[in-house]
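# Fold and contact review
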Amino acid sequence: MDRSITEMKDALKGDDMEKVKKAKDALIQVSQKLGEAVYKAAQAKAGPGAAGAGAGPAPEGAKASAGGKDDVVDAEVVDEKKK
C-alpha cells in the first residue's frame, strides 16, 4: 500500500499522464485488496451466521417498535428569549 501511494505521489509530480493513470490503477487495486482483507477479517471476527446480519435494508415493518406503535414525537423548539 505504501509503495503504491509513493508511486502515485511521484507520478503526480511529473507531467506524464500515462504514468499517473497507471499509478492510480495500481493504487485502486491495492486499496480494493485491502478492503477485501478488512471485510474478511470482520466477518471472521463476527463468527458464523453473522454474514447476513446488517446487510441490506430492513424488511418492511421492521422499523416499528414491537408494539406496532412508533415513539416518535414531531416538535419544534421555540426560543422565547428571541421573541
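So, here's what we can say about the structure.

Moving on, we get to the overall build of the chain. Within the chain one finds 2 helices and 0 strands. Burial status across the chain gives 7% buried among its 83 residues. As displayed, the chain offers around 7,700 Å² of accessible surface, 55% of which is attributable to carbon and sulfur atoms.

Turning next to the side chain of S4. Mapped onto the elements of the fold, S4 is located in helix α1 (residues 2-13). Not counting the four nearest positions on each side in its chain, S4 is found in contact with A26, L27 and V30.

Attention now moves to a nonpolar patch on the surface. Residues M1, I5, L34 and V38 make up a contiguous nonpolar surface patch of roughly 330 Å² in combined accessible area. Relative to the elements of secondary structure, V38 occurs in helix α2 (residues 17-46).

Right, let's talk about α2 for a bit. Over its 30 residues, α2 extends 43 Å from the first C-alpha to the last, a length consistent with the 44 Å expected when each residue adds 1.5 Å. Between a side-chain oxygen at the N-terminus of α2 and the backbone nitrogen of E18 the separation is 3.2 Å; the capping residue is D16. The positive-phi residue at the C-terminal boundary of α2 is G47, with phi of around 95 degrees.

The end-to-end C-alpha distance of α1, which contains 12 residues, comes to 17 Å, matching closely the 16 Å that a straight helix rising 1.5 Å per residue would cover. Every buried residue of α1 is listed here: S4, M8 and A11. Buried residues of α1 fall within an arc of 65 degrees about the axis and therefore sit on the same side. Opposite its buried face, α1 presents the exposed residues D2, R3, K9 and K13, each directed more than 90 degrees away. In the core, the buried residues of α1 are packed alongside α2.

Conventions used here
- Residues numbered from 1 in each chain as written.
- Predicted model: local features only at pLDDT ≥ 70, side-chain atom pairs only at ≥ 80, totals over all residues.
- Heavy atoms only, no water.
- Helix = DSSP H or I, 4+ residues; strand = E, 2+ residues; numbered from the N terminus.
- Buried < 20%, exposed > 50% of the residue type's maximum accessible area, 1.4 Å probe, protein only.
- Areas by Shrake-Rupley, 256 points an atom, 1.4 Å probe, with all protein chains shown as cover.
- Contact = heavy atoms within 4.5 Å.
- Patch = residues over 30% accessible without salt bridge, like charges linked within 9 Å, V, L, I, M, F, W, Y side chains within 5 Å.
- Salt bridge = Lys/Arg side-chain N within 4 Å of Asp/Glu carboxyl O.
- Expected span 1.5 Å × (residues − 1).
- Polar contact = N/O pair within 3.5 Å; in protein donor to acceptor, adjacent residues only side chain to side chain.
- Arc of directions from axis to C-beta.

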